[in-house]
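# Architecture at a glance
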Amino acid sequence: MSNMIMKTPASIDELVMCLKQSDDNTYLLSGGTDLIIKLRNSKIYEGTLIDLTGIDDLKQIKYNAEYIKIGAAATFNQITSNTMLIKHAKCLVQASSQIGSTQIRNAATLGGNIANAFAGADAIPALIALDAMVTILKSDKTTYTKPIDEIIKGSRKNTLYKDEAIIEISIPIANDNCISAFAKLGSRSRVTISKLNIAATAQVKDGTIEAVKIVLGALGTKAFRALSVEKAIENKDISEALYTAFENELVKQVDEAIPNRSSLGYKREAIRGLAEDVYFDLFGSMVRKVKCHD
Amino acid sequence: MILDFNVNGRDYSIEADARARLIDVLREDLGLTGTKEGCGEGECGACTVIIDGLAVNSCLVMAHQTRGKRILTVESLKQDGELDSLQKSFINNGAVQCGYCTPGMLMSCKALLMRNPNPTEHEIREAIEGNLCRCTGYVKIINAVKEVVKESKAPSEEDHHE
Ligand SMILES: Cc1cc2nc3c(=O)[nH]c(=O)nc-3n(C[C@H](O)[C@H](O)[C@H](O)COP(=O)(O)OP(=O)(O)OC[C@H]3O[C@@H](n4cnc5c(N)ncnc54)[C@H](O)[C@@H]3O)c2cc1C
Ligand code: FES
Ligand code: FES
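Everything quoted here is computed from the prediction, not taken from an experiment. (Residues numbered from 1 in each chain as written. Chains lettered and ligands numbered in written order. Predicted model: local features only at pLDDT ≥ 70, side-chain atom pairs only at ≥ 80, totals over all residues. Heavy atoms only, no water.)

## Thoughts on the pattern of salt bridges
Going through the model one piece at a time under the given rule, you end up with 20 salt bridges over all chains. Among the salt bridges present, the one from R225 of chain A reaches E230 of chain A, with a minimum N-O distance of 2.8 Å. Between D17 of chain B and R19 of chain B there is a salt bridge; the shortest N-O distance is 3.4 Å. Here D17 of chain B falls in the partly exposed class, since its relative accessible area comes to 28%. (Salt bridge = Lys/Arg side-chain N within 4 Å of Asp/Glu carboxyl O. Buried < 20%, exposed > 50% of the residue type's maximum accessible area, 1.4 Å probe, protein only.)

## Brief notes about the nonpolar core
Residue and element names in this part refer to chain A. Counting 58 residues, the largest nonpolar core has I70, L85, L92, L110 and I114 as the members making the most contacts within it. For this core, the leading source of residues is helix α8 (residues 123-129), giving six residues. If sequence neighbours within four positions are ignored, L92 has contacts with I70, I79, L85, L110, A123, A126, L127, L130 and I171. Formed by 35 residues, the second largest nonpolar core is a distinct cluster that contains A232, L242, L250 and V251. (Core = buried A, V, L, I, M, F, W, Y, C linked by side-chain atoms within 4.5 Å. Helix = DSSP H or I, 4+ residues; strand = E, 2+ residues; numbered from the N terminus. Contact = heavy atoms within 4.5 Å.)

## Re the site of ligand 1
Among the 33 residues in the neighbourhood of ligand 1, the closest are listed as L28, T33, D34, L35 and T109 of chain A. This site is not confined to one chain, since residues near ligand 1 come from chains A and B. Here an oxygen atom of ligand 1 and a backbone polar atom of L28 of chain A are 2.6 Å apart. In the environment of ligand 1, an oxygen atom lies 2.6 Å from a nitrogen or oxygen atom belonging to the side chain of T109 of chain A. For ligand 1, the protein covers 95% of the area, taking 980 Å² as the surface of the free molecule. The set of elements that each furnish at least two residues to the shell around ligand 1 consists of β2 (26-29), α2 (35-41), α7 (110-116) and β10 (164-172) of chain A. (Near = heavy atom within 4 Å. Polar contact = N/O pair within 3.5 Å; in protein donor to acceptor, adjacent residues only side chain to side chain. Areas by Shrake-Rupley, 256 points an atom, 1.4 Å probe, with all protein chains shown as cover.)

## Observations regarding the interface of chain B and chain A
In many reports, interface size means the accessible area that the parts give up when they come together. With 29 residues of chain B at the contact, the number on the chain A side is 32 residues. Of the roughly 2,400 Å² buried between chain B and chain A, counting both surfaces, carbon and sulfur atoms make up 52%. For the chain B face of the interface with chain A, the top three residues by lost area are R19, L60 and Q65 of chain B, together amounting to 23%. At the boundary of chain B and chain A, one finds two salt bridges. Viewed at the interface, chain A and chain B are joined by nine residue pairs in polar contact (both at pLDDT 80 or more). Contributing elements (two or more residues each) for the side of chain B that touches chain A: β4 (54-57) and α4 (121-127) of chain B. At four residues, β4 of chain B tops the list of elements feeding residues into the side of chain B that touches chain A. (Buried area = accessible area lost by both parts, 1.4 Å probe.)

## Focus: the sheet that holds strand β6 (residues 133-138) of chain A
The pairing of strands in a sheet comes from backbone hydrogen bonds and takes either a parallel or an antiparallel form. Residues and elements named next belong to chain A. Strand order in this open sheet of five strands is β4-β5-β10-β6-β7, and the pairing throughout is antiparallel. The sheet terminates laterally at β4 (61-63) and β7 (143-147), the two strands that pair on one side only. The mean angle between the axes of side-by-side strands here comes to 25°, regardless of whether they run parallel or antiparallel. Relative to β10, strand β5 (residues 67-71) runs antiparallel, the two being bridged by five bridges. Bridged to Y67 within β10 is P172. (Pairing = 2+ DSSP bridges. Axes fitted to C-alpha atoms, helices over the stretch in contact; angles between N-to-C directions.)

Set out below in structure tokens:
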């Protein structure tokens, strides 16, 4: 007989009861698109699975005047069709729509993407750019909320304890001048999903970039803000010359992030393509498109 | 552990191991071997089934996660001995060669048509982006879906012209 057991909480209260009994061999199971592969590859056939997909509360996307609140077990398919997110969190919707395939997006969840903490995960840079906050449930039934960046420790490592679960991701609703964009490089194949991705948010007023956040993924052990790139375009007027500065600064950032790796030459070229995608997605209507790269 | 679910319109209550994936239970416990396992890692789509109306890789879902759900496998397409229009169209358009991808391909296309009876070519391509086919080059598959869409639309268009 198998020594694996599956717990199927139907409410947050039942989840709390499960978390109280968590040990090192307990695994939270959402869409399963990372975990099932991991368990099989590591030949883990013992332990406890806690299935989060039976908890309706965790699958809702709600909002109030200040935040859009995404349940941790909401799938990427739900995210891409949510009108509030399309309006206020375009970069997250763009990232979600490019994850895996239709079958993966129908199962894979936002909470799973964060908890898995893969350096090339697509939702994470978008969430950092959007200043998302992550709410975590503890086994004593209390919760705490932290910025997304503080949850991700490094490649495949998050800061959660065994008796904790991500329950909600909150995205502040910014004013209407706030725009965002996401672009990634990589084929559909899972082995190559990590190549490179970029998410950006910006506040634009009268043709001037008043505030901007640029986040790069898959370059280090975790996604990070490219502060020098932000500085290069902040408080500047949108123009073709500014695009060149943006692109050059991004290339520099890639050089710094991966000084001696064999993938450098390739990523150096790739970032130019992503720079163009993101810049013109954000500001395209405000600047004449510069000539394309060959 | 008992698993209650509905497969191809029939209610089941079976004893299933907590480690079993949906594909294991479909093939081994229910004998529904139309669903194929290719990669076992979400890459190939050969294992695609429809769960509550959505195409999902049955190699990446635990069987017990489907408790209370309605599952459709490729075996559901044939009704009263007659192939589904999608299956006929696959055959007529040469969209089946070695056939390994076909069950998954059919279920991805079926899920699309259930939600959207009139998809664009882009939508068809998106629906099957998770299904690998080494033989057909996809064009014949896309044509097969287009033909079903066209045929299902034909009567209403005539109405329109009258
Ligand atoms: C073919 C394929 C293609 C893919 N393509 C992409 C891609 O393009 N971009 C991308 O970013 N990812 C991709 N992925 C990876 C994967 O689909 C995502 O990371 C997905 O978001 C994981 O979510 P899940 O719900 O399936 O997580 P699960 O597999 O259920 O869980 C993942 C991890 O998170 C933990 N966990 C799950 N939920 C919670 C929670 N609420 N609180 C705390 N811990 C939790 C689990 O214990 C596990 O360690 C791909 C995967 C496959 C198989
Ligand atoms: S066997 Fe499930 S996707 Fe390949
Ligand atoms: S027909 Fe052979 S893989 Fe598609």
